[in-house]
Each structure stands twice: as C-alpha cells, then as structure tokens.
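# Report on the structure
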Amino acid sequence: MLENKKRTINIGKLTVKEPLGERVYNEIKKAILEGQFAPGDLLQEDFLSDATGASRTPVREALMRLQGDGLVKIIPRKGARISEMDAAELSELVEARGLLETVFFDRAMEKISLEKMQVIKDKMNSIIDEMGSIDPASPPWANKRLEYSKLDFQFHRMLVEAIGNRFFLKYYDSLLDRVILYSHHTVIKFPESFLKSASEHERILTAILKKENQEAKRLIIHHLGKLNKRLTNKVD
C-alpha cells in the first residue's frame, strides 16, 4: 500500500457553495467511488486536508460519515482505511443486492420507464463503440470505462427505485456504494471482465425492452452470479 503523498489522487478543491462538511464528504466519497483508492489504502487526514483545502475538522467529520457508509474504517490518530471485505462478505453483499433487484422485479417492470432504459442502452453501446478504438492501457479508456460504469449502476438502481419502497432504496444505496468500490478494482485486476459484463448488460436491457420479464430476471441473476465470481477473484 502506497502512502497518499506518493500518489496522484484527483480530489477537487472545494468551490461549490454548500456546507463545508458536506463538500468535503462529497469530494472524498467521489474519489473513493471512482476507484482512486483501493480497499486497504490509508486515508491520511493531513493529505485530505491539503487536497480539499479544508481544515482537519471537516475532514475528520467526513471520515466519520464515510465510516457510517461502510466505506472506511477509522484508525485512531492515523486517519481512516478504505474498507476491506473478504470473499464471504463480498458474496453476501452481492446476494443482498440481487434480492433487492429481483424479488420485486415484476412490480418494478410495471412502473419502470422503458424510454429511460432505451436511452441508457444507447449510451452504453455508444461508449463501448468508442472504447473499441482506444488503447485499453490509456487514461481515455479508463475515463470511458468510468462513464460506462456510472450508467451501469444507474440502470441497476432504477430496478430498485421502480419498486416504490424508500426503505428498500436506502438500503440498496448503502450496498451499491460498496459494490462500486470493489467493482472498479476488479476491472483493474481483470480488464477482460469489463467487456464480459458489458455484454451481459446488453442482453438484460434487450430483454427488458422486449418486455420479456422472466428472461430479463434470469439474465440479471446470471449477471450477478458472474459478478460474485469476479469480485472474489474466481474469474472464468
């Protein structure tokens, strides 16, 4: 694990006019969820203070909130460490997420916007086409992957949001943050898994748009099973 001061981390200086603590929290969380820190990395308070331009007090408050989100674990007198999960915990995480996406799937399909699903599918396909002409080892490819991943998680979240239960959605969001954190680093370790996942999304969205609900549900379960293998380093 590298000390923060020896790494290039893109955390923005605070400019948006909102409460300072909220801004610090949002910037650090964004950096975590974009994969700029890996599970187990130490977040040093002085580094985060310099990066954001904020004092250590709002940084410390932000880390406490992030600990509540399950994204970090505070280390007394040091800062915080990005949360680490073992294979069993990751499997349970994917299982819990999968239940929320599929148990009430038919109900969600009654309310979900197929127009929005089509827009997401078209954007995903456009990004994949662009990535085909970019060097996979280059920063532009990584930026496009991040752009695609945001659409990916937006799509999955829509499946739960359409259920219409705010408690399910709040719980799902807490799970999704941790899935996002680990998904980024899985792709870094296994780049080929990205295109496999993209192909799975293509099939799921096609089934949804054709209103083939049972097939779509089956494909989601299959997709999450593959994700479980990827997260736990059991890649095909």
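Structural data are supplied above this passage.
Summary of the structure given here. Here the structure is a predicted model, which is why all the values come from computation and not from measurement. (Residues numbered from 1 in each chain as written. Predicted model: local features only at pLDDT ≥ 70, side-chain atom pairs only at ≥ 80, totals over all residues. Heavy atoms only, no water.)

### Considerations on the packing of helix H1 (residues 20-33) against helix H8 (residues 166-189)
Where H1 contacts H8, the axes come no closer than 8 Å and their chain directions differ by 50°. Relative to H8, the element H1 lies oblique. Across the interface between the two elements, Lys29, Ile32 and Leu33 from H1 touch Asp177, Ile180, Leu181 and His184 from H8. In terms of residue class, the contact of H1 with H8 is built from four nonpolar, one polar and two charged. (Axes fitted to C-alpha atoms, helices over the stretch in contact; angles between N-to-C directions. Helix = DSSP H or I, 4+ residues; strand = E, 2+ residues; numbered from the N terminus. Parallel < 35°, antiparallel > 145°, perpendicular 65-115°, else oblique. Contact = heavy atoms within 4.5 Å. Nonpolar A, V, L, I, M, F, W, Y, C, P; charged D, E, K, R; others polar.)

### Remarks on the environment of Glu22
The topology assignment puts Glu22 in helix H1. Given a relative accessible area of 28%, Glu22 falls into the partly exposed group. Taking C-alpha positions, Glu22 is 31 Å from Lys123, a pair spaced 101 residues apart along the chain. There is a polar contact of 2.8 Å between the side chain of Glu22 and the side chain of Arg65. (Buried < 20%, exposed > 50% of the residue type's maximum accessible area, 1.4 Å probe, protein only. Polar contact = N/O pair within 3.5 Å; in protein donor to acceptor, adjacent residues only side chain to side chain.)

### A word on empty space enclosed by the protein
Within the structure shown, the criterion is met by one cavity of 30 Å³ or more. Secondary structure elements with two or more residues in the lining of the largest cavity: helix H7 (139-161), H8, helix H9 (192-209) and helix H10 (213-231). (1 Å grid on protein atoms, 1.4 Å probe; cavity = no way out; pocket = protein on both sides within 12 Å on 5 of 7 lines; lining within 4 Å. Points joined across faces, edges and corners; volume = space filled by probe spheres on them.)

### Side note on the packing of H9 against H10
H10 packs onto H9 with a crossing angle of 165° between their chain directions and a minimal axis gap of 8 Å. Classified by the angle their axes make, H9 and H10 are roughly antiparallel. For the crossing formed where H9 meets H10, the hand is left-handed. Judged by residue contacts, Ser193, Lys196, Ser197, Glu200, His201, Arg203, Ile204, Ala207 and Ile208 of H9 engage Glu215, Ala216, Leu219, Ile220, His223, Lys226 and Arg230 from H10. Counted by class, the contact of H9 with H10 contains six nonpolar, four polar and six charged residues. (Left-handed = near helix turned anticlockwise from the far one by under 90°.)

### Structural notes on the packing of aromatic side chains
Under the definition given, this model contains three aromatic pairs. Summarising the aromatic geometry, the rings of Trp141 and Phe194 are spaced 5.6 Å apart at their centres and angled 70° between planes, so their arrangement reads as edge-to-face. One end of the pair, Trp141, is in helix H7; the other, Phe194, is in helix H9, with 53 residues separating them in the sequence. Like Phe194, Trp141 is buried. Through a chain of ring-to-ring contacts, the aromatic side chains of Trp141, Tyr148 and Phe194 assemble into a single cluster. Seen from the ring of Tyr25, Arg65 lies directly overhead, with NZ or CZ sitting 3.7 Å from the centre. Over the ring of Phe104 we find Arg107; its NZ or CZ atom is 5.0 Å from the centre of that ring. (Phe/Tyr/Trp six-rings, centres within 6.5 Å; stacked < 30°, edge-to-face > 60°. Lys NZ or Arg CZ within 6 Å of the ring centre and 35° of its normal.)

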